[in-house]
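Below, each chain spelled out in residue letters.
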Amino acid sequence: MNKMQPTATAPGVKQVPLLTTSEIARFKRDGFLVLPAVLDPELCHQAREAMWDAVATHLPHLKRDDPTTWKPASDKKSARLNAQRPDIGGDPYVFTEGHRFYVRNGAEQFMLDLAPRALWQVAEQLLGEGTVVWPAGADDSGYTTGPCFMSDDVVAGLATHGVEDTGQWPVEGSFTTEAALRLPGTGPVWSTGQGARGLYCTLPGSPSPGPDYRGAHSDGACYGRVRFQVTAYIDDLPPGSGGFTVWPGSHIRVWRDQWQAFLEGEKHTDDHLPERKAGGYTDPVILRTKADTRPVDCHGPAGTVVLWHTKILHIAGQNTSTDVIRQATIYGFQKTPESLPDPLVTDETNVDIWRDWSEEVRAVNELQ
Ligand SMILES: [Fe+2]
């Protein structure tokens, strides 16, 4: 058996139940699905302890037993933290931006057991058995190794997340797959499916995104290997506390328009263009969606998972609470190079949004 691609479910990791036909239908129609409290409470507990350990070391002004201290770090403190990149490259282990702070522990084994591996059988149900990249995580040297489709946005992400420019890939991307790209554990490990995005946390009293939801976006490019992502809460998350917020149905509209733009020649990183159709933030389809669709705040108890189509319009919600830190981890499931060869990644037949999904998913009528 190929070590990187086991065909069985993750040994020892309790699996989230398979989706029902009506759940699949809702997922296809809305582009997201909330599964309340499906993750192992012990692993959620472990992840919370890891977060508070990281806070005690890097953000000691946040006292666990005193929510009145749960305030952003000073600019000076943030700048100092954000400059502390590991010797092997990648993002700092903990960094901050306003009311957000991040713990880049997503390639650690327990974080992969927590959500990506617990959802392995669901991932195979949705994308097809034997077609999903296995999240192996970091090895003893702190590196991860996995396949990577080197498109323009992925190459740009390497530099942004502390991976030195080796000159190995053109800045516009080669649009071919590196079979075994090595990335530091705190690097952009979501590009290879080897790690989750660690913990994305929002402190209480975060600012409003405004009536036009500036900051709402669709992740990355339409081309690539990620087909759906999961956002998982490791602690209770009441409504209005910074939950993952989505625009139902936007996945279909954004997918279609971004593919059309790509087939007309626009790439995700073409920000020099006066008018973008596939930039992910201000595309006409995104402005239209914001104008005619009400966003949904996905909340739930600890262990809740939001499954979402990778192109859905979303934003991390405003945390209006006074005593809740929104604690979420995010992971994107990718199709393997064997199941989705490079020419198909950028093939025009991809305008069929469910082309690369399982027969089971393709057979379900989303309108039922
Ligand atoms: Fe995003």
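Keep in mind the model is a prediction, meaning the values are calculated, not measured.

Student: Whenever I open this one, the sheet that holds strand 11 (residues 314–316) confuses me. Can you help?
Tutor: Strand pairing in a sheet relies on backbone hydrogen bonds, with the paired strands running either antiparallel or parallel. In spatial order, the strands read 9-8-11; together these 3 strands make up an open sheet with antiparallel pairing. Each having just a single partner strand, strand 9 (296–298) and strand 11 make up the two edges of the open sheet. Strand after strand, the sheet turns through a mean of 25° between neighbouring axes, direction not considered. Pairing of strand 8 (residues 244–246) with strand 9, which is carried by 3 bridges, proceeds in the antiparallel orientation. In the sheet register, Val 246 faces strand 9, and the bridge partner there is Val 296.

Student: What should I look at first to understand the packing of aromatic side chains in this one?
Tutor: The description of an aromatic ring pair uses the distance of the two centres, along with the angle that the planes make with each other. Tallying each qualifying case throughout the model produces 19 aromatic pairs. Seen in terms of ring centroids, Phe 27 and Trp 357 are 5.7 Å apart; in terms of plane orientation they differ by 45°. Their pairing is tilted. Placement of the pair is Phe 27 in helix 1 (residues 21–30) and Trp 357 in the loop between helix 9 (342–345) and helix 10 (359–363), with a sequence separation of 330 residues. A relative accessible area of 0% places Phe 27 in the buried class. Ring centres of Tyr 223 and Phe 262 lie 4.5 Å apart, and the angle between their planes is 45°; on these two criteria the pair is classed as tilted. With Tyr 223 in the loop between strand 6 (199–202) and strand 7 (226–233) and Phe 262 in helix 7 (residues 250–263), this pair connects stretches of sequence that are 39 residues apart.

Student: Sorry if this is basic, but what is going on with unusual backbone geometry here?
Tutor: Excluding glycine, most residues fall at negative phi; most peptide bonds, likewise, are trans. Here Phe 175, not a glycine, exhibits a phi torsion of approximately 55°, which is positive. Relative to the elements of secondary structure, Phe 175 occurs in the loop between helix 6 (152–160) and strand 5 (177–184). Notably, Tyr 213 is not glycine yet its phi reads approximately 50°, a positive angle.

Student: Explanation requested: the coordination of the iron ion in the structure shown.
Tutor: Around the iron ion, the protein contributes the donor atoms His 217 (NE2), Asp 219 (OD) and His 314 (NE2), at 2.2 Å from the metal centre. Read N to C, the donor residues that coordinate the iron ion are spaced as H-x1-D-x94-H. Across this residue pair, the class does not change: His 217 and Asp 219 are buried.

Student: How do you make sense of helix 8 (residues 284–292) when you look at a structure like this?
Tutor: At 3.6 residues per turn, the α-helix brings residues three or four places apart onto the same side. Along helix 8, the positions that sit buried rather than exposed are Val 285, Ile 286 and Thr 289. For helix 8, the arc enclosing every buried residue in end-on projection is 100°, short of the 170-degree limit, so these residues lie on one face.

Student: So what exactly am I meant to see when it comes to the pairing of strand 2 (residues 94–97) here?
Tutor: Sheet faces and side chains relate simply in a regular strand, where the side chains alternate between the two faces. Inspection of the sheet shows strand 2 paired to strand 3 (residues 100–103) by 4 bridges, in the antiparallel sense. By the bridge assignment for strand 3, Val 94 is matched with Val 103. The antiparallel pairing of strand 2 with strand 3 creates a hairpin that spans 2 residues between the two strands, and Gly 98 there sits at a positive phi of about 60°.

Student: Can you walk me through the pairing of strand 3 in this structure?
Tutor: Alternating residues of strand 3 divide into Arg 100 and Tyr 102 and Phe 101 and Val 103, and every residue in both groups is buried. In the sheet, strand 3 pairs with strand 6 via 4 bridges, with the strands oriented antiparallel. Pairing of Tyr 102 across the sheet is with Tyr 200, part of strand 6.

Student: What is the right way to read helix 2 (residues 41–58) from this model?
Tutor: Counted at 1.5 Å a residue, the expected span for helix 2 with its 18 residues is 26 Å, and the 26 Å between its end C-alpha atoms agrees. The set of residues buried in helix 2 consists of Leu 43, Cys 44, Ala 47, Arg 48, Ala 50, Met 51, Trp 52, Ala 54, Val 55 and His 58. The opening residue of helix 2 is Asp 40, an N-cap whose side-chain oxygen sits 2.9 Å from the backbone nitrogen of Glu 42.

Student: Teacher, can you tell me more about the pattern of salt bridges here?
Tutor: A side chain of one charge can pair with a side chain of the opposite charge if their charged atoms are brought near each other. A complete count under the given rule lists 16 salt bridges for this structure. A salt bridge links Arg 225 to Asp 342; the shortest N-O distance between them is 2.9 Å. Separated by 117 residues along the polypeptide, Arg 225 in the loop between strand 6 and strand 7 and Asp 342 in helix 9 bring together distant segments of the chain. We classify Asp 342 as partly exposed; its relative accessible area is 21%. Note that Arg 256 is salt-bridged to Asp 257, the shortest N-O span being 3.4 Å. Here Arg 256 falls in the partly exposed class, since its relative accessible area comes to 39%. Salt bridges sharing partners connect three or more residues here, namely Arg 227, Asp 347, Arg 355 and Asp 356.

Thresholds applied
- Residues numbered from 1 in each chain as written.
- Predicted model: local features only at pLDDT ≥ 70, side-chain atom pairs only at ≥ 80, totals over all residues.
- Heavy atoms only, no water.
- Pairing = 2+ DSSP bridges.
- Helix = DSSP H or I, 4+ residues; strand = E, 2+ residues; numbered from the N terminus.
- Axes fitted to C-alpha atoms, helices over the stretch in contact; angles between N-to-C directions.
- Phe/Tyr/Trp six-rings, centres within 6.5 Å; stacked < 30°, edge-to-face > 60°.
- Buried < 20%, exposed > 50% of the residue type's maximum accessible area, 1.4 Å probe, protein only.
- Donors = N, O, S within 2.8 Å, 3.2 Å for Na, K, Ca; no water.
- Arc of directions from axis to C-beta.
- Expected span 1.5 Å × (residues − 1).
- Polar contact = N/O pair within 3.5 Å; in protein donor to acceptor, adjacent residues only side chain to side chain.
- Salt bridge = Lys/Arg side-chain N within 4 Å of Asp/Glu carboxyl O.

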